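Residue-level structural notes
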Amino acid sequence: MTALAPLLSACGSSSDDTAAKPAPVPSVETFYNNGVDALNARRFTTADSQFSAVEQNYPYSTWAVNAQLMSGYSLYLQNQYTGAIGTLDRFIQLHPAHRDIAYAYYLRSLCYYEQIADIERDQKGTEQAMAALREVVNRYPDTSYATDAKLKIDLCVDHLAGKEMEIGRFYQKQHLYEAAIGRFQRVVDDFQTTNHVPEALARLTEVYLVLGLKDQARKTAAVLGYNYPGSEWYNDSYAQLVDDDVAHPTGQAANEKPEPRGFFSRAWHAVF
């Protein structure tokens, strides 16, 4: 028994030394490429862990900078927009001169854009998306990112106009005509490039007739007819004016139009 003790002790010591040795850390290229491969295979959890490993083990390498951007992209693909925005904000703050900084701003704007709610809900997210998209356009106007951002800004504007119309129609149904006029008028004044303007003008005409404000109704219908002469909204408004004149004759033509002045806004201000 005594003879065996040193052997056991020696064996135990050798085993402990082996277990105490840490496994070699993979190279930065291995971590990064594993992350890219996992991302392409849509194994997002693995991708996140590999990109995080790059930052943890090689924090001062250029790979760590790229891994941070890739991590933001991975979070975006998982619809984890809050986390993606936080990661991209950190990337933008730490690496403002990075070669992919325009892409970082663009990806950040997409995170806001894809959270836009339907028009029945609060539109704060739409306004945040517009601000982020405009930042892309203002900072990097000559890039393909800016081109796409401009298209998305137009969609955001149309979305906001749709929200105004929804609220205006609600007020109109509730006979809250002054509030309805305010909403429809905002569409006419602030969202002139959207396809909601003809309806807004038609709704204004309708409300003015209900309120007995015939001059305002005729002038609004004139602007509608001048800018959208073939639209169903103008035809409806014209029919309402004719019906109103039959019921309450005034001797003034219902389809009176303002003199041509070019742009829509100029025509509007010409009659008001």
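The rules we used
Residues numbered from 1 in each chain as written. Predicted model: local features only at pLDDT ≥ 70, side-chain atom pairs only at ≥ 80, totals over all residues. Heavy atoms only, no water. Helix = DSSP H or I, 4+ residues; strand = E, 2+ residues; numbered from the N terminus. Buried < 20%, exposed > 50% of the residue type's maximum accessible area, 1.4 Å probe, protein only. Areas by Shrake-Rupley, 256 points an atom, 1.4 Å probe, with all protein chains shown as cover. Expected span 1.5 Å × (residues − 1). Arc of directions from axis to C-beta. Polar contact = N/O pair within 3.5 Å; in protein donor to acceptor, adjacent residues only side chain to side chain. pLDDT = per-residue confidence, 0-100. Contact = heavy atoms within 4.5 Å. Salt bridge = Lys/Arg side-chain N within 4 Å of Asp/Glu carboxyl O. Phe/Tyr/Trp six-rings, centres within 6.5 Å; stacked < 30°, edge-to-face > 60°. Axes fitted to C-alpha atoms, helices over the stretch in contact; angles between N-to-C directions. Parallel < 35°, antiparallel > 145°, perpendicular 65-115°, else oblique. Left-handed = near helix turned anticlockwise from the far one by under 90°. Nonpolar A, V, L, I, M, F, W, Y, C, P; charged D, E, K, R; others polar.

Let's shift gears to the overall build of the protein chain. Regarding its fold elements, the protein chain presents 13 helices and zero strands. Scanning the protein chain from its N terminus toward the C terminus, one meets helices and strands in the order α-α-α-α-α-α-α-α-α-α-α-α-α. Residues classed as buried in the protein chain amount to 42% of the 272 residues present. A total of about 15400 Å² of accessible surface is found on the protein chain, and carbon and sulfur atoms cover 52% of it.

Right, let's talk about helix α2 (residues 28-40) for a bit. Taking 1.5 Å as the rise per residue, α2 with 13 residues should run 18 Å; its terminal C-alpha atoms sit 18 Å apart, in good agreement. All of the buried residues in α2 are Val-28, Phe-31, Tyr-32, Gly-35, Ala-38 and Leu-39. Projected down its long axis, α2 carries its buried residues within an arc of 125°, all on one side. Of the residues one or two after α2, Arg-42 is the one with positive phi, at around 60°.

Another point: the environment of Thr-220. Here Thr-220 is to be found in helix α11 (residues 214-227). Looking at Thr-220, the relative accessible area reads 0%, which means it is buried. For the pair Thr-220 and Ser-237, spaced 17 residues apart in sequence, the C-alpha to C-alpha distance is 9.4 Å. Among the polar contacts made by the side chain of Thr-220, one reaches the main-chain carbonyl oxygen of Gln-216 at a distance of 2.8 Å.

Moving on: the confidence of the model for the protein chain. Of all residues in the protein chain, 80% attain a pLDDT of 70 or more, and the chain-wide mean is 83. Note that pLDDT drops below 50 for residues 251-272; the model gives that stretch 47 contacts with residues more than four away or on any other chain.

Okay, the pattern of salt bridges next. A complete count under the given rule lists 14 salt bridges for this structure. For Arg-99, the salt bridge identified is with Asp-100, shortest N-O distance 3.9 Å. Residue classification places Asp-100 among the partly exposed positions, given a relative accessible area of 28%. The salt bridge involving Arg-139 is made with Glu-135; its shortest N-O contact spans 3.2 Å. Of this pair, Arg-139 and Glu-135 both sit in helix α7 (residues 124-139), four residues apart, which is roughly one turn of that helix. The partly exposed category is assigned to Arg-139, whose relative accessible area is 45%. For Glu-135, a relative accessible area of 25% puts it in the partly exposed group.

Evaluated as defined, the whole model comprises ten aromatic pairs. Between the aromatic rings of Tyr-32 and Trp-63, the centroid separation amounts to 5.1 Å while the plane-to-plane angle is 70°, which identifies the pairing as edge-to-face. Taken together, the residues span a long stretch of sequence, with Tyr-32 in helix α2 and Trp-63 in helix α4 (residues 62-77) at a distance of 31 residues. Given the relative accessible area of 29%, Trp-63 is considered partly exposed. Between Tyr-73 and Tyr-76 the ring centres are 6.4 Å apart and the planes differ by 25°, which places this aromatic pair in the stacked class. Taken as a pair, Tyr-73 and Tyr-76 lie in helix α4 at a separation of three residues, close to a single helical turn.

A separate point is the packing of α4 against helix α6 (residues 101-113). Geometry of a packed helix pair, given as the angle between the helix axes and the separation of the axes. Running from N to C, α4 and α6 point in directions that differ by 20°, and their axes come no closer than 11 Å. As far as their axial angle goes, α6 and α4 are roughly parallel. The element α4 and its partner α6 pack so that their crossing is left-handed. For the pair formed by α4 and α6, the contact residues are Leu-69, Gly-72, Tyr-73 and Tyr-76 on the first element and Tyr-103, Ala-104, Leu-107, Leu-110 and Cys-111 on the second. Its residues assigned to classes, the contact of α4 with α6 shows eight nonpolar, one polar and no charged.

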